[in-house]
Amino acid sequence: MPHRYSDRHRAGEQKTVPAPRGLHQRAQGFASVPVKGSCGSYCSLAWAFQARCSISAPWTVTVEQRRQSSFFNTLTADELWKGALAETGVGVKKGRGKRRKKKLRKNLNRGQEIGEGRSGFLWPGLNAPLIQSGRVQAVTQRKKEERERIQSEIVQRRDTWEKKRKIKIKREGGWSGKCWGGVILDPPDPGPNGETYEDFETRVIEVKNVFCMNAKEGRKKSIRALVAIGNGKGAAGFAMGKAGDRMNALRKAKNKAIRCLHLIELYQKHTVYHDITVKFKRTTIRMKKQNKGYGLHCHRAIITICKLIGIKDMYAKVSGSKNLINITRALFKGLTQQETHQQLANEKGLYVVEFREEQGPLPIVVALPEGTVREDPEPEDEVPDTKLEWSDVKEAQGMKKSPWANVRRAVW
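Given the structure is predicted, the values throughout are model-derived calculations rather than measurements. (Residues numbered from 1 in each chain as written. Predicted model: local features only at pLDDT ≥ 70, side-chain atom pairs only at ≥ 80, totals over all residues. Heavy atoms only, no water.)

## A look at a positive patch on the surface
There is a patch of like positive charges on the surface, built from Lys-256, Arg-259, Lys-281 and Arg-329. Inspection of the secondary structure puts Arg-259 in the loop between helix 6 (246–257) and strand 13 (261–263). The exposure class of Arg-259 is exposed, given its relative accessible area of 63%. (Patch = residues over 30% accessible without salt bridge, like charges linked within 9 Å, V, L, I, M, F, W, Y side chains within 5 Å. Areas by Shrake-Rupley, 256 points an atom, 1.4 Å probe, with all protein chains shown as cover. Salt bridge = Lys/Arg side-chain N within 4 Å of Asp/Glu carboxyl O. Lys, Arg positive; Asp, Glu negative; His and termini not counted. Charge placed at Lys NZ, Arg CZ, Asp CG, Glu CD. Helix = DSSP H or I, 4+ residues; strand = E, 2+ residues; numbered from the N terminus. Buried < 20%, exposed > 50% of the residue type's maximum accessible area, 1.4 Å probe, protein only.)

## A look at the side chain of Thr-202
Structurally, Thr-202 can be placed in strand 10 (residues 201–214). According to the relative accessible area criterion, Thr-202 is buried, its value standing at 0%. For Thr-202, the contacting residues outside a window of four places in its chain are Val-183, Ile-184, Leu-185, Asp-186, Pro-187, Pro-188, Val-227, Ala-228, Ile-229 and Lys-254. (Contact = heavy atoms within 4.5 Å.)

## Focus on the sheet that holds strand 9 (residues 184–185)
If you walk across this open sheet you meet the 5 strands as 9-10-11-12-13, and the pairing is antiparallel. Each of the sheet's edge strands pairs with one partner strand only, and the pair in question is strand 9 and strand 13. Against the sheet, helix 6 engages strand 9, strand 10, strand 11 (218–230), strand 12 (235–243) and strand 13, with an angle of about 145 degrees to strand 12. Its contacts with the sheet put helix 7 (residues 300–309) on strand 10, strand 11 and strand 12, and the angle it makes with strand 10 is roughly 130 degrees. (Pairing = 2+ DSSP bridges. Axes fitted to C-alpha atoms, helices over the stretch in contact; angles between N-to-C directions.)

## Some details on the pairing of strand 17 (residues 314–320)
As a general feature of sheets, a regular strand has side chains that alternate between the two faces. Of the pairings in the sheet, the one linking strand 15 (residues 283–289) to strand 17 comprises 7 bridges and is antiparallel in character. Bridge assignment links Thr-283 to a residue of strand 17, and that residue is Gly-320. Strand direction decides the pairing type here: strand 16 (residues 296–297) and strand 17, joined by 2 bridges, are parallel. Bridge pairing in strand 17 links Leu-296 to Met-314. Note on the crossover from strand 16 through helix 7 to strand 17: the handedness is left-handed. (Right-handed = clockwise from strand over helix to strand, strands pointing away.)

## So, the side chain of Gln-338
Note on placement: Gln-338 falls in the loop between helix 8 (324–336) and helix 9 (341–348). For Gln-338, the side chain forms a polar contact with the main-chain nitrogen of Tyr-273, separated by 3.2 Å. (Polar contact = N/O pair within 3.5 Å; in protein donor to acceptor, adjacent residues only side chain to side chain.)

## Some points on the packing of aromatic side chains
Pairs of aromatic rings are described using the distance from one ring centre to the other and the angle between the two planes. With the rule as written, the count across this model stands at 4 aromatic pairs. Judged by centre distance (6.3 Å) and plane angle (75 degrees), the rings of Tyr-197 and Phe-200 are edge-to-face. Arranged with centres 4.9 Å apart and planes meeting at 35 degrees, the rings of Phe-238 and Phe-332 form a pair that is tilted. Taken as a pair, Phe-238 in strand 12 and Phe-332 in helix 8 lie far apart in primary sequence, 94 residues in all. Exposure remark for Phe-332: the relative accessible area of 3% places this residue in the buried category. Across the ring face of Phe-211, the terminal group of Arg-219 is positioned such that the distance to the ring centre comes to 3.8 Å. One Lys or Arg, Lys-289, reaches over the ring of Tyr-267 and ends 3.9 Å from the middle of that ring. (Phe/Tyr/Trp six-rings, centres within 6.5 Å; stacked < 30°, edge-to-face > 60°. Lys NZ or Arg CZ within 6 Å of the ring centre and 35° of its normal.)

## Details of the pairing of strand 10
Looking at chain direction, strand 9 and strand 10 are connected through 2 bridges and run antiparallel. Within strand 10, the residue paired with Leu-185 across the bridge is Thr-202. The pairing of strand 10 with strand 11 spans 13 bridges and is antiparallel. Of the residues in strand 11, the one forming a bridge with Arg-203 is Ala-228.

## A word on a nonpolar patch on the surface
Together, Tyr-351, Val-353, Phe-355, Val-365, Leu-368 and Val-373 line one region of the surface with nonpolar side chains, adding up to about 570 Å² of accessible area. Its place among the elements puts Tyr-351 in the loop between helix 9 and strand 18 (352–354). You can call Tyr-351 partly exposed: its relative accessible area is 48%.

## Quick word on helix 7
Since there are 3.6 residues in each turn of an α-helix, residues three or four apart along the chain are aligned in direction. Among the 10 residues that make up helix 7, 7 are buried, leaving the element largely enclosed by the rest of the structure. Taken as a whole, helix 7 has its buried residues at Ala-301, Ile-302, Thr-304, Ile-305, Cys-306, Leu-308 and Ile-309. Note on helix 7: the residue one or two positions beyond its end, Gly-310, has a positive phi of about 120 degrees.

## Quick notes on the nonpolar core
Counting 31 residues, the largest nonpolar core has Ile-285, Met-287, Ile-302, Ile-309, Ile-311, Met-314 and Leu-335 as the members making the most contacts within it. The set of elements that each furnish at least two residues to this core consists of strand 11, strand 12, strand 14 (276–280), strand 15, helix 7, strand 17 and helix 8. No other element matches helix 8, which puts 7 residues into this core. Apart from the residues within four sequence positions on either side, Leu-335 is in contact with Ile-264, Val-272, Ile-276, Met-287, Ile-309 and Ile-311. Listed in part, the 11 residues of the second largest apolar core include Trp-180, Leu-185, Val-204 and Ala-243. (Core = buried A, V, L, I, M, F, W, Y, C linked by side-chain atoms within 4.5 Å.)

So this is what it looks like as structure tokens:
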């Protein structure tokens, strides 16, 4: 049974005693307890140390550190966050409050350093090394000048974070002021081995709200982001990311795109090798090879992707569906299926020649077959199997007119 202190204990006496065998699992080790005469009691000792104390014969004092029980130290952090964010409950299961702005989990330890305070104490294991030069360090205190310097640095960091949170981030490189298309993002996150992707440029193609009907939660909203990435030297890729908020969707998309790269061959590092016609679902893209200085005359999504790839001169016409996902897939499908001059020469077994304006009627050999050269020429059909576009036929015959030809203009 616990006893109160008696007069036999001298005033100011220090006793360092271990916890009894039954309380070893609850106690945190040993405690140095000042024992006074009749002034100290069990209740006052427990209150002074904010601990649980017990005394047993022969006068063994046990101190167990314990907080006052409250709501915040009986539940875990995840349980507290679930209650604050309303992640559980009947309302969430029935889809109530679905149009309210979703609350996000915050890092409350940001700007805090464990063990640092205005008193400037150095706690071994928290803000100071536990063992130094083979000896366990004791609790010490910093000098006044060093304390003031550290406190000023912490306050300055917090002010900087507050200013960053209030400043509105300006989006760079967008197609227009209201949409996310064409916006430049930061490079993807470093890889598992520490590799970085600083030479890759990341751009947003589309950010869209999508919804999913669920039996329990009802109409659930998500953000879908389409992101393209490239280094301007033929290596490029694209990917989609979906998340509950926009920034997580963009982060997922760019980290996935860096793992899905395509190597696209470029002719003289500025255009494609030949004209390409490609179809994906209901979207058709016709790409034409152009000379240097022509530029990119294409859809704005195709212009963005071509800059990431490194294509500088090309004409492209999109017909059918203008869905940005279909346009992106069709563009990469056509560019990865193009044949280089060397591949064409090896397939046909013939020389590949090219006619240029600066050479006149003289051909220029651009590729030689790696094997033997075929002696008989390639057979030609009497009727060439060429698919013509009606717009090209009208333009060649001079039938194409300006859409503003018969429009009456107001005279001021």
